[in-house]
Amino acid sequence: MASTAPVSSRPGTQRSNSLAYTNLLQLALGLTPPWTVTRADFDPEAQRLDIEIDFAPGSRFACPSCGVADCPAYDTERKTWRHLNFFQHQAYLNARVPRVRCEACGIKTVSVPWARPDSGFTLLFEAPLMTMISAMPVKAVARMVGEHDTRLWRVVHHYVAQGRARIDASDVTQIAIDETAARRGHDYITLFVDIDQARVLFATEGRDAETVAAFADDLAAHGGDPEAIDEVCIDMSPAFIKGVAESLSDAAITFDKFHAVKLINDAVDQVRRAEQKGQSLLRGTRYIWLRNPANLSDRQRKTLENLPTRHLKTARAYQIRLAFQELYEQTPEQAASFLKRWYFWATHSRLPPIIGAAHTVKRHWDGILRWFDSKIANGLIEGINSLVQAAKAKARGYRSIRNLKAMVYLLAGKLDLRLPA
């Protein structure tokens, strides 16, 4: 029989060695032989419950590497794991963990049933941790449970890695590629989104052509085929265009209409800034020209009505911008001729920023019109981006882009985490 002798003589510690109590804890923890609860010590001053687990002398274990049974214990190492709170008190499991001698594998540390190898938490503690981290910033969760956030990040990385290992990308044929700043002004990550399942398949540091090559390798590693990708939605980044041509050569490119419209928006804003230098009445009107008429506030609409729009270059640029948006309301049969008329108007506008934007449209003509065949919606990308922004908030204080990527996968990757129950 395992000993039930006290393991500590701390002043103020209340000891419970009754067989009924240890049996109750044994059942609550779901322990099976050779593991048994031998005692529980509660320290009211530290508000801490320590549950002692042991195994009977002579117990034999399976080798954690090859699985062969009936290996004798070689020696033991005492370990401690944080467990679910006992009411408001922190609870810990303590045990001697044996190393076994396996004839095939040598000396190996046994895996305990209540915790992962090299984890300082029990499985039942990690499950609610991951649920909380999915809804709150990691640092906030760390404060709530009284742990350093570095320990929590280790848990996140484990389950994300396990979830990503289960990804089946064999049916992926359409992807969207977008970039986001990891930190303001620098450090970008590029996201590769499975359009059909609205999930982030891959996130990697950088925003160059090599990111597409890295995605192609990762796709193949998860059962996908880069040659099966037939539709790609990207912005007009030369790096992404080059990367798709090199690594996803069978894919047709659709230029995201959100970025196409933004190109014209930026040109309108350039016209406004130049004209504002000699027109004080344009001050404070920036967002009027960047919104559609239906989205203007009452105050903005009144301001616009009172402007001498007939004589403003900004107003002409604004009308050209609104006309470009109407492209996406055309039928597939009308789209090319509509865009030709728009291009003629824009290039004859005598507004250099608008003319420059029109030339950019011309260089990306086929990919802009490809939308009428692919109908890849930018709404999906915007939805994913909102999850990414949430990931940034939840990874607040993250010390590496690796942490941010893990949070992106957790929130937007639709991973099969298989958390302990």
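Remember, predicted model here, so these are calculated numbers, not experimental data.

Definitions and limits used
- Residues numbered from 1 in each chain as written.
- Predicted model: local features only at pLDDT ≥ 70, side-chain atom pairs only at ≥ 80, totals over all residues.
- Heavy atoms only, no water.
- Salt bridge = Lys/Arg side-chain N within 4 Å of Asp/Glu carboxyl O.
- Buried < 20%, exposed > 50% of the residue type's maximum accessible area, 1.4 Å probe, protein only.
- Helix = DSSP H or I, 4+ residues; strand = E, 2+ residues; numbered from the N terminus.
- Expected span 1.5 Å × (residues − 1).
- Contact = heavy atoms within 4.5 Å.
- Pairing = 2+ DSSP bridges.
- Core = buried A, V, L, I, M, F, W, Y, C linked by side-chain atoms within 4.5 Å.
- 1 Å grid on protein atoms, 1.4 Å probe; cavity = no way out; pocket = protein on both sides within 12 Å on 5 of 7 lines; lining within 4 Å.
- Points joined across faces, edges and corners; volume = space filled by probe spheres on them.
- Nonpolar A, V, L, I, M, F, W, Y, C, P; charged D, E, K, R; others polar.
- Patch = residues over 30% accessible without salt bridge, like charges linked within 9 Å, V, L, I, M, F, W, Y side chains within 5 Å.
- Areas by Shrake-Rupley, 256 points an atom, 1.4 Å probe, with all protein chains shown as cover.
- Lys, Arg positive; Asp, Glu negative; His and termini not counted.
- Charge placed at Lys NZ, Arg CZ, Asp CG, Glu CD.
- Axes fitted to C-alpha atoms, helices over the stretch in contact; angles between N-to-C directions.
- Parallel < 35°, antiparallel > 145°, perpendicular 65-115°, else oblique.
- Left-handed = near helix turned anticlockwise from the far one by under 90°.

Describing the pattern of salt bridges
Step number 1: Within the structure shown, the criterion is met by 21 salt bridges.
Step number 2: A salt bridge links arginine 370 to aspartate 373; its shortest N-O distance comes to 3.7 Å.
Step number 3: Judged by its relative accessible area of 58%, aspartate 373 is exposed.
Step number 4: It is possible to trace a salt-bridge network through shared partners that takes in Asp269, Arg272, Arg273 and Arg286.

Section: unusual backbone geometry
Step number 1: The step from proline 33 to proline 34 runs through a cis peptide bond, and the omega angle for that step is 15°.
Step number 2: Relative to the assigned elements, proline 34 resides in the loop between α1 (19–29) and β2 (35–43).
Step number 3: Even without glycine at this site, glutamine 47 takes up a positive phi of about 50°.
Step number 4: Assignment of secondary structure puts glutamine 47 in the loop between β2 and β3 (48–55).

Considerations on helix α4 (residues 149–165)
Turn by turn, an α-helix covers 3.6 residues, leaving residues three or four places apart pointing in a common direction.
Step number 1: Its 17 residues give α4 an end-to-end C-alpha distance of 24 Å, which sits within 8% of 24 Å, the value for a rise of 1.5 Å per residue.
Step number 2: Taken together, the buried positions of α4 are occupied by Asp149, Leu152, Trp153, Val155, Val156, His157, Tyr159, Val160, Gly163 and Arg164.
Step number 3: Summarising the contacts, the buried residues of α4 are in contact with α2 (123–133), α3 (138–145), β10 (199–205), α5 (209–221) and α16 (401–412).

Some thoughts on the environment of alanine 95
Step number 1: As for its placement among the helices and strands, alanine 95 is situated in strand β6 (residues 89–102).
Step number 2: Along the chain, alanine 95 and arginine 299 lie 204 residues apart, while their C-alpha atoms are 69 Å from each other.
Step number 3: When near neighbours in sequence (up to four residues on either side) are disregarded, alanine 95 contacts Ile53, Glu77, Arg78, Lys79, Trp81 and Trp114.

Here's the deal with helix α10 (residues 313–326)
Step number 1: Here α10 is 14 residues long and its end C-alpha atoms lie 20 Å apart, about the 20 Å a rise of 1.5 Å per residue gives.
Step number 2: In terms of burial, α10 is largely enclosed, as 10 of its 14 residues are buried.
Step number 3: Looking at the packing, one finds that the buried side of α10 touches α7 (257–276), α8 (286–290), α11 (332–347) and α12 (352–363).

Quick look at the side chain of threonine 122
Step number 1: Along the chain, threonine 122 turns up in the loop between β7 (106–109) and α2.
Step number 2: Setting aside residues no more than four positions away along its own chain, threonine 122 makes contact with Trp81, Arg82, His83, Leu84, Leu93, Trp114 and Ala115.

Some words on the pairing of β3
Looking along a regular strand, one sees the side chains alternate between the two faces of the sheet.
Step number 1: Most of β3 sits inside the fold, with 7 of its 8 residues counted as buried.
Step number 2: In this structure, β2 lies alongside β3, joined through 8 bridges in antiparallel fashion. Paired with valine 37 across the strands is isoleucine 53, a residue of β3.
Step number 3: The turn linking β2 back onto β3 is made up of 4 residues, and glutamine 47 within it adopts a positive phi angle of 50°.
Step number 4: One ladder, built from 6 bridges, connects β3 with β6; its direction is parallel. Considered in β6, the bridge of leucine 49 is made with alanine 91.

Details of the nonpolar core
Step number 1: Leu248, Phe324 and Trp342 are the most contacted members of the largest nonpolar core, which totals 98 residues.
Step number 2: Here this core takes 8 residues from α16, the largest share from any one element.
Step number 3: Excluding anything up to four places from it in sequence, leucine 248 contacts Ile175, Val212, Phe215, Ala216, Pro226, Ile229, Val232 and Gly243.
Step number 4: Core analysis: the second largest hydrophobic core is formed by 25 residues, Trp35, Ile51, Ala95 and Trp114 among them.

Some points on the layout of surface pockets
Step number 1: Reported here for the largest pocket is a volume of approximately 400 Å³.
Step number 2: Lining the largest pocket are 18 residues, and of these Val261, Asn265, Asn292, Arg321 and Gln325 lie nearest its centre.
Step number 3: The set of elements that each furnish at least two residues to the lining of the largest pocket consists of α7, α10 and α15 (378–394).
Step number 4: Top contributing element to the lining of the largest pocket by residue count: α7, with 6 residues.
Step number 5: Of the residues belonging to the lining of the largest pocket, the class tally is 5 nonpolar, 5 polar and 8 charged.

Structural notes on the environment of isoleucine 264
Step number 1: Checked against the element boundaries, isoleucine 264 lands in helix α7.
Step number 2: The exposure class assigned to isoleucine 264 is buried, which follows from its relative accessible area of 1%.
Step number 3: It is 5.9 Å that separates the C-alpha atoms of isoleucine 264 and arginine 321, two residues lying 57 residues apart in sequence.
Step number 4: Among all residues touching isoleucine 264, those that are not within four sequence positions of it are Arg321, Phe324, Trp342, Ala357 and Val361.

Concerning a negative patch on the surface
Step number 1: Judged by side-chain charge, Asp168, Asp171, Asp196, Asp225, Glu227, Asp230 and Asp250 come together as a negatively charged surface patch.
Step number 2: Along the polypeptide, aspartate 250 turns up in the loop between α6 (238–247) and β12 (252–255).

Let's talk about the packing of α7 against α12
Step number 1: Put simply, α7 and α12 touch, their axes get as near as 8 Å, and they point 165° apart. As summarised for this structure, α7 and α12 are arranged roughly antiparallel, according to the angle between their axes. Between α7 and α12 lies a crossing whose hand is right-handed. Contact with α7, carried on its side by Leu263, Ile264, Ala267, Val268, Gln270 and Val271, involves Pro353, Ile354, Ala357, Thr360 and Val361 of α12 and no other residues of that element.

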